[in-house]
Number of protein chains: 2
Amino acid sequence: MPWPTTRKQETRKKILKSAVRLFANKGFHNVSLGEVMRDAKLTHGAFYAHFSSKQELYKEAVYAATEDSPLAGILRESDGNLSFEKIVKTYLCEEHVEQKVSPCPLAAFATDVSSLDGDAKNAYSHVFEGLLEILQTRSGGEFPDRQSAMSLAALMIGGVVVSRALKDEEVIHELLEACIAKASQIIK
Amino acid sequence: MPWPTTRKQETRKKILKSAVRLFANKGFHNVSLGEVMRDAKLTHGAFYAHFSSKQELYKEAVYAATEDSPLAGILRESDGNLSFEKIVKTYLCEEHVEQKVSPCPLAAFATDVSSLDGDAKNAYSHVFEGLLEILQTRSGGEFPDRQSAMSLAALMIGGVVVSRALKDEEVIHELLEACIAKASQIIK
DNA sequence: GTCTATAAACTGATAGAC
DNA sequence: GTCTATCAGTTTATAGAC
């Protein structure tokens, strides 16, 4: 049996991928473990061979979502250096709002994390600091300070979170464009 | 029986007040109707004399939260004209993040609304347009345009939403201060 | 309009066969 | 490691007494 661990980790990854999508779409309490496992083509009894509880799954989903997030994708493609404009436009776009791409957990999981335990908050905080670092060091040439990066992160996350709650697609477009336009004013 | 309607509306308001606080703290799916009614000193059987479903309660809670929100409070006190600084600092403060004051539904309900039905999205959108109007017309003298108001709203809501998901109080303080500091740059 | 009682469905988690 | 079966608890919503 040369690769037993790998086989298990692949199943684990499949569960996490389903969890990220479902949690992002419907929220922690409105997703059952049965639904997650069904989505991953397994039965719900098998869940506890991979995670000890639903809360642990959520914490791991925060990290898993980070690896597949829109920004992680363009970071990999770019050899570590990105234009400021590319970062902002990749985040504040309709595809991300509608979750046609794997969503950033900072936007999709924020409210859930507020009402969950310390582990989830720790994971969220860790990912948030990661975004600040990207904004401060990887945005080509401009290098905003920590204060600018923080408010920029709030603007980006807020823009996506609010867009997801709005009804009218035209207003959503207007909001995303407004955030993109004003983002550059923040780092000056 | 001179005021039978009033009596009923007071009970209704009591239910809504409990609903706002609980939904904001724990989220739609993690609050049961029994819990709401218990908080309002009633039994859960009485719920359906006031609302037809939990989703209808949520929609009404969005509007009820608006009336008690931090901005509605300072608007009433100020004869309709507020300094831009006062608005931003009233919203982006620890008391609002920790929900020691009745919270703004745009921050507390955003993620829940994303996964709920059209009625909830309509209510959210309506309240959001109300915030834009306040930012555009009530902020003394400066009168930002719609684009500035939109990005300012995203910054304010994002700042509160992210703060609630973070672990470290010092980072939360830093984030709120950063958003306050950069808010004024947006409307210029 | 509020209560108690209950229906019908679903939840997270566990036990044991394979 | 995955399955089926099941437990005990909770959920929204309804029915009927007062």
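The rules we used
Residues numbered from 1 in each chain as written. Chains lettered and ligands numbered in written order. Predicted model: local features only at pLDDT ≥ 70, side-chain atom pairs only at ≥ 80, totals over all residues. Heavy atoms only, no water. Near = heavy atom within 4 Å. Polar contact = N/O pair within 3.5 Å; in protein donor to acceptor, adjacent residues only side chain to side chain. Nonpolar A, V, L, I, M, F, W, Y, C, P; charged D, E, K, R; others polar. UniProt positions renumbered as here; feature names shortened; annotations may be inferred. Helix = DSSP H or I, 4+ residues; strand = E, 2+ residues; numbered from the N terminus. 1 Å grid on protein atoms, 1.4 Å probe; cavity = no way out; pocket = protein on both sides within 12 Å on 5 of 7 lines; lining within 4 Å. Points joined across faces, edges and corners; volume = space filled by probe spheres on them. Expected span 1.5 Å × (residues − 1). Buried < 20%, exposed > 50% of the residue type's maximum accessible area, 1.4 Å probe, protein only. Contact = heavy atoms within 4.5 Å. Least-squares fit on C-alpha atoms with pLDDT ≥ 70 in both.

Draft legend 1. Structural detail: the protein's contact with DNA strand D. The environment of DNA strand D is formed by 16 residues, the closest being Thr43 and His50 of chain A together with His44, Tyr48 and Lys54 of chain B. Sugar and phosphate atoms represent 70% of those atoms of DNA strand D found within 4 Å of the protein. A distance of 3.2 Å separates a phosphate oxygen of DNA strand D from a polar atom in the side chain of Thr11 of chain A. At 2.9 Å, a side-chain N or O of Tyr48 of chain B approaches a phosphate oxygen of DNA strand D. Here the surface near DNA strand D is built from residues that sort into 6 nonpolar, 8 polar and 2 charged.

Draft legend 2. The UniProt feature "DNA-binding region" (unreviewed entry) in chain A, seen in detail. Residues annotated in UniProt with the feature "DNA-binding region" (unreviewed entry) correspond here to residues 32–51 of chain A. Along residues 32–51 of chain A, the helical share is 35% and the strand share 0%, with 14 Å between the first and last C-alpha atoms.

Draft legend 3. Region of interest: the UniProt feature "domain: HTH tetR-type" (unreviewed entry) in chain A. Under the UniProt annotation, "domain: HTH tetR-type" (unreviewed entry) lies at residues 9–69 of chain A. Annotated as residues 9–69 of chain A, this span is 66% helix and 0% strand, and its ends, taken at the C-alpha atoms, are 20 Å apart.

Draft legend 4. Summary view of empty space enclosed by the protein. Residue and element names in this part refer to chain A. With the rule as written, the count across this model stands at 1 cavity of 30 Å³ or more. Considering only enclosed or pocket space, the largest cavity measures out at about 30 Å³ in volume. Taken together, Gln55, Tyr58, Lys59, Leu116, Asp117, Asp119 and Ala120 make up the lining of the largest cavity. Those elements that provide at least two residues to the lining of the largest cavity are α3 (54–68) and α9 (118–138). Broken down by element, the residue count for the lining of the largest cavity peaks at 3 residues, all from α3.

Draft legend 5. Seen up close, the layout of surface pockets. When its volume is computed, the largest pocket comes out at roughly 560 Å³. Together, 43 residues line the largest pocket, and Arg164 of chain A together with Thr111, Ser114, Ser115 and Lys121 of chain B are the ones closest to its centre. Of the residues contributing to the lining of the largest pocket, the split by class is 15 nonpolar, 17 polar and 11 charged.

Draft legend 6. A look at α9 of chain A. Its 21 residues give α9 of chain A an end-to-end C-alpha distance of 29 Å, which sits within 8% of 30 Å, the value for a rise of 1.5 Å per residue. Of the residues making up α9 of chain A, those classed as buried are Ala120, Lys121, Ala123, Tyr124, Ser125, Val127, Phe128, Leu131, Leu132, Ile134 and Leu135 of chain A.

Draft legend 7. Here's a closer look at the side chain of Thr111 of chain B. Position of Thr111 of chain B among the secondary structure elements: in helix α8 (residues 110–114). Of note is the side chain of Thr111 of chain B, whose polar atom sits 2.5 Å from the side chain of Thr111 of chain A. Excluding residues within four positions of it along the chain, Thr111 of chain B makes contact with Ala108, Thr111 and Val161 of chain A.

Draft legend 8. Summary view of the relation of the copies chain A and chain B. Once chain A has been moved 0.0 Å along the axis and rotated by 180°, it coincides with chain B to within an RMSD of 0.1 Å. Here the two chains are linked by the operation of a two-fold rotation axis. Closest to the rotation axis within chain A is the C-alpha of Gly158 of chain A, separated from it by 1.8 Å. Comparing interface residues between copies, 100% of those in chain A also lie at the interface in chain B; the contact surface is shared.

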